[in-house]
Amino acid sequence: MDPIKKLIDMTGVFAMLSLLAFGGGTAVLPEMKHQTVALNGWLTADQFTNIYSLGQIAPGPNMMMVTVIGYRVSGVAGAILAVVGFLGPSCLLTFGACRVWEHFRESPWRTAVERGMAPITIGLGLSGVYAIGRTASFNFDRPLNYNLITMAIGLAVTFTYLLRHINPALLILVGGVAGWLFLRV
């Protein structure tokens, strides 16, 4: 494929995802995975999961993982265009929406819209969690015991976080160590 066309396609994918990222970048994880793995073949499912995990543990916004995806697709130019594509459209849309939102600050429909958007945001976030969890724990190209171990680690981390509210970065590190210990080949 022509390198320029690949850059244009990748920028277009991330610009589209930017405008769909309602409630945060996590909301578009399933579609991001579909676009980068299934449709365009830029990454494998395991690479996507690994990049997502890296984005969770690295300082800063977790959706900066698009930089790593862009770099994998087309080097430094890909990294730059992935970030511009993913952040640019949503920043412009947010700027315009905030101006309109302030104009209608006293309107009763504004409160109704805010209340209606909350469950949508939660649902989109949960779909992202499901997509990543399914990829990490249910890979049929791996042996069953591998999937069971990854599922057990994921559930242990989830329940520990829900019950103890431990720093997620620490839980990711502990989960990584557990994976290294139990999944070494």
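In this text, all values refer to a predicted model and were calculated from it rather than measured experimentally.

S.K.: Can you lay out the layout of surface pockets for me, pointing to particular residues and giving the numbers?
M.R.: In this structure, the largest pocket encloses a volume near 1,500 Å³. What lines the largest pocket is a set of 37 residues, and nearest its centre among them are Y52, S53, I132, G154 and V157. In terms of residue count, the dominant contributor to the lining of the largest pocket is helix α6 (residues 144–164) (10 residues). Broken down by class, the residue content of the lining of the largest pocket amounts to 20 nonpolar, 15 polar and two charged.

S.K.: Explain the nonpolar core to me, and be specific about the residues and the numbers.
M.R.: One broad trend across soluble globular proteins is that nonpolar side chains are buried collectively. If you look at the biggest cluster of nonpolar residues, it comprises 23 residues, and the most contacted ones within it are F14, M32, F48, M65, I69 and F86. Of all the secondary-structure elements, those providing two or more residues to this core are α1 (3–20), α2 (29–39), α3 (45–57) and α4 (65–103). In this structure, F14 is in contact with M32, T36, V66, I69, A82, G85 and F86, ignoring residues within four places of it in sequence.

S.K.: Quick one: what's the story with α1, residue by residue and with numbers?
M.R.: Because an α-helix completes one turn every 3.6 residues, residues spaced three or four positions apart along the sequence face the same direction. For α1, which comprises 18 residues, the first-to-last C-alpha distance of 26 Å matches the rise-based estimate of 26 Å (1.5 Å per residue) to within 8%. Contact partners of the buried residues in α1: α2 and α4.

S.K.: How would you summarise the environment of G96 if you had to cite specific residues and measurements?
M.R.: Position of G96 among the secondary structure elements: in helix α4. Residue classification places G96 among the partly exposed residues on the basis of a relative accessible area of 31%. Taking the C-alpha atoms as reference points, G96 and A136, 40 residues apart in sequence, are found 38 Å from one another.

S.K.: Now, about the pattern of salt bridges: what can you tell me, with residues and values included?
M.R.: Inspection of the entire model under this criterion finds three salt bridges. Between D9 and K5 there is a salt bridge, and its shortest N-O distance comes to 3.1 Å. You can see D9 and its partner K5 sitting in helix α1, four residues apart, about one turn around the helix. With a relative accessible area of 23%, D9 lands in the partly exposed category. In this structure, R110 engages E114 in a salt bridge whose closest nitrogen and oxygen atoms are separated by 3.6 Å. Of the two residues, R110 and E114 both sit in helix α5 (residues 108–137), four residues apart, roughly one turn of that helix. In this structure R110 comes out as buried when scored by relative accessible area, which is 15%.

Parameters and conventions
Residues numbered from 1 in each chain as written. Predicted model: local features only at pLDDT ≥ 70, side-chain atom pairs only at ≥ 80, totals over all residues. Heavy atoms only, no water. 1 Å grid on protein atoms, 1.4 Å probe; cavity = no way out; pocket = protein on both sides within 12 Å on 5 of 7 lines; lining within 4 Å. Points joined across faces, edges and corners; volume = space filled by probe spheres on them. Helix = DSSP H or I, 4+ residues; strand = E, 2+ residues; numbered from the N terminus. Nonpolar A, V, L, I, M, F, W, Y, C, P; charged D, E, K, R; others polar. Core = buried A, V, L, I, M, F, W, Y, C linked by side-chain atoms within 4.5 Å. Buried < 20%, exposed > 50% of the residue type's maximum accessible area, 1.4 Å probe, protein only. Contact = heavy atoms within 4.5 Å. Expected span 1.5 Å × (residues − 1). Salt bridge = Lys/Arg side-chain N within 4 Å of Asp/Glu carboxyl O.

Taken by themselves, the reported measurements are silent on function.
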